[in-house]
Amino acid sequence: MCRFSVQEYSKFRVILVSEAATALAESGKIGALNLLFKRHPYSLSPSMLKILAAIPETVPVQTYGQLLPGRSPPPRIALREEDWVECEEMVNFINRPPENHEIGIQLRTEPIVKLCLGYPWPSSSELSEWYRCRARDIDSCSGQLDNCLFLIDFACRKGISELQKFHEDILYLHQLIYSDENDADTCSNMSLISWEQLSDYEKFRMMLKGVKEENVVKKLHDRAIPFMQNRFHNIPFTKHQDIDGHFPSVHMDDSFLVKWLKEIASENKLDICLMVIEEGCRELHVNGFFKDEIEAVDCALQCIYLCTVTDRWSIMAALLTKLPQKQGKVCVIHIDSY
């Protein structure tokens, strides 16, 4: 047993410290890996991201959160006191490759590595891309979205602000899958990669997939409307060119809610439209459903025109009564296209 320990120690002495760290990471030995990073920060920094990526995806992120890199290296690194021989002259000697490679490895103490290489640190773009890839790998390999969320939360708190929108995306997907037991099958098989590939409007639609009269208002308030308000910024304008090449009118693109209501109306689900428009007009300038009275009225009229069945007259009439009043009359706009 003693002979085996000596052999293992001899092997450890000559192996690259980065290879030893990778082996510890692959086996999930976070305590030993943490110690190695503390003792050899300068030796491990060039391969830090590769080492951390070797940790099994099922290992809770909280256990190695202290190892995750931030935007800049730690301000203070505690090393042992340098020996008198660990100086520039020794660095110059080591930079001349010795005949024995194993001796060269053993000569590179941590203070000497510090003098040779300094403390290289990944750029913000490299860190951002690594965190994204790591989160996708965790979700793809283990399906543990909680781990993805913790990982990107650590990154944001460590100053990598470029990941804020990505963090929000994971949070929305997490809420969609886990927050409501009644619709667990709505997108339980949705992967993080697939979720990322959806447009913001498609994500909005997923949040309302399968809604009914009794729950559409709650889901709008809980998820869809906050998402729309967060993502529907800087609303684009579409210019309509006339036959003379001029642009006499400018049209504001439909909001996510208006676009979705028009789709629902084209499926003849006016009862759901009624519930939404009634709620949206109740406190129009507070709840964020519609931008203003004009948008609410325009949306209601378009929903009515898009309905193709002939037995929804009572719902159409009820819908019109829910529209905002202005000086005793319904606020109406001209729709030339109808």
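## Some thoughts on the confidence of the model for the protein chain
Next up, step 1: Of all residues in the protein chain, 72% have pLDDT values of 70 or greater, and the mean over the chain is 81.
Next up, step 2: Counting contacts from residues 234-243, a segment whose pLDDT is below 50, to residues more than four positions away or on other chains yields 23 contacts.
Next up, step 3: Here residues 327-338 is a poorly scored stretch, pLDDT under 50, and it has 19 contacts once near neighbours within four places are set aside; other chains count.

## A closer look at the packing of helix α14 (residues 216-231) against helix α15 (residues 256-266)
Next up, step 1: Between α14 and α15, the least distance of the axes is 10 Å, while the angle of their chain directions is 135°. In terms of orientation, α14 and α15 fall into the oblique class. When α14 is examined against α15, the residues Val216, Leu220, Ile225, Phe227, Met228 and Arg231 are found in contact with a partner set consisting of Phe256, Leu257 and Trp260.
Next up, step 2: Here the contact of α14 with α15 is built from residues that sort into eight nonpolar, no polar and one charged.

## Some remarks on the side chain of His167
Next up, step 1: Structurally, His167 can be placed in helix α11 (residues 164-178).
Next up, step 2: Taking the relative accessible area as the measure of exposure, His167 reaches 14% and is therefore buried.

## Describing unusual backbone geometry
Next up, step 1: Phi is positive for Asn268, close to 65°, though the residue is something other than glycine.
Next up, step 2: Structurally, Asn268 can be placed in the loop between α15 and α16 (270-282).
Next up, step 3: Since its relative accessible area comes to 18%, Asn268 is described here as buried.

## Examining the packing of aromatic side chains
Next up, step 1: Under the defined criterion, the tally for this structure stands at six aromatic pairs.
Next up, step 2: Judged by centre distance (4.9 Å) and plane angle (85°), the ring pair of Tyr172 and Phe227 falls under edge-to-face. Highlighted residues: Tyr172 in helix α11 and Phe227 in helix α14, separated in sequence by 55 residues. Each of the two residues, Tyr172 as well as Phe227, counts as buried.
Next up, step 3: Judged by centre distance (6.5 Å) and plane angle (25°), the ring pair of Phe227 and Phe256 falls under stacked. Within this pair, whereas Phe227 is found in helix α14, its partner Phe256 is found in helix α15, the two being separated by 29 residues in sequence.
Next up, step 4: Put simply, the rings of Tyr172, Tyr201, Phe204, Phe227 and Phe256 touch in pairs and so form one group of aromatic residues.
Next up, step 5: In this structure, Arg157 packs its charged tip against the face of Phe154, placed 5.0 Å from the ring centre.

## Description of the packing of α16 against helix α19 (residues 313-321)
Working note: a packed helix pair is described by the angle between its axes plus the distance between those axes.
Next up, step 1: Contact pair α16 / α19: the axes reach a minimum separation of 10 Å and the direction vectors enclose 15°. Overall, the two elements α16 and α19 adopt an arrangement that is roughly parallel. The two elements α16 and α19 cross, and the hand of that crossing is left-handed. Each of Leu270, Asp271, Cys273, Leu274 and Ile277 in α16 lies in contact with α19, whose residues at this interface are Ile315, Met316, Ala318 and Leu319.
Next up, step 2: In terms of residue class, the contact of α16 with α19 is built from eight nonpolar, no polar and one charged.

## Observations concerning helix α18 (residues 293-306)
Next up, step 1: With 14 residues, α18 extends 20 Å from end C-alpha to end C-alpha; this agrees with the ideal 20 Å at 1.5 Å per step.
Next up, step 2: Across the 14 residues that make up α18, a large majority, ten, are buried.
Next up, step 3: Three or more residues of α18 are buried, namely Glu295, Ala296, Val297, Asp298, Cys299, Ala300, Leu301, Gln302, Cys303 and Ile304.
Next up, step 4: For α18, the capping residue at the N-terminal end is Asp292, with a side-chain oxygen 3.2 Å from the backbone nitrogen of Ile294.

Rules used throughout
- Residues numbered from 1 in each chain as written.
- Predicted model: local features only at pLDDT ≥ 70, side-chain atom pairs only at ≥ 80, totals over all residues.
- Heavy atoms only, no water.
- pLDDT = per-residue confidence, 0-100.
- Contact = heavy atoms within 4.5 Å.
- Axes fitted to C-alpha atoms, helices over the stretch in contact; angles between N-to-C directions.
- Helix = DSSP H or I, 4+ residues; strand = E, 2+ residues; numbered from the N terminus.
- Parallel < 35°, antiparallel > 145°, perpendicular 65-115°, else oblique.
- Nonpolar A, V, L, I, M, F, W, Y, C, P; charged D, E, K, R; others polar.
- Buried < 20%, exposed > 50% of the residue type's maximum accessible area, 1.4 Å probe, protein only.
- Phe/Tyr/Trp six-rings, centres within 6.5 Å; stacked < 30°, edge-to-face > 60°.
- Lys NZ or Arg CZ within 6 Å of the ring centre and 35° of its normal.
- Left-handed = near helix turned anticlockwise from the far one by under 90°.
- Expected span 1.5 Å × (residues − 1).
- Polar contact = N/O pair within 3.5 Å; in protein donor to acceptor, adjacent residues only side chain to side chain.

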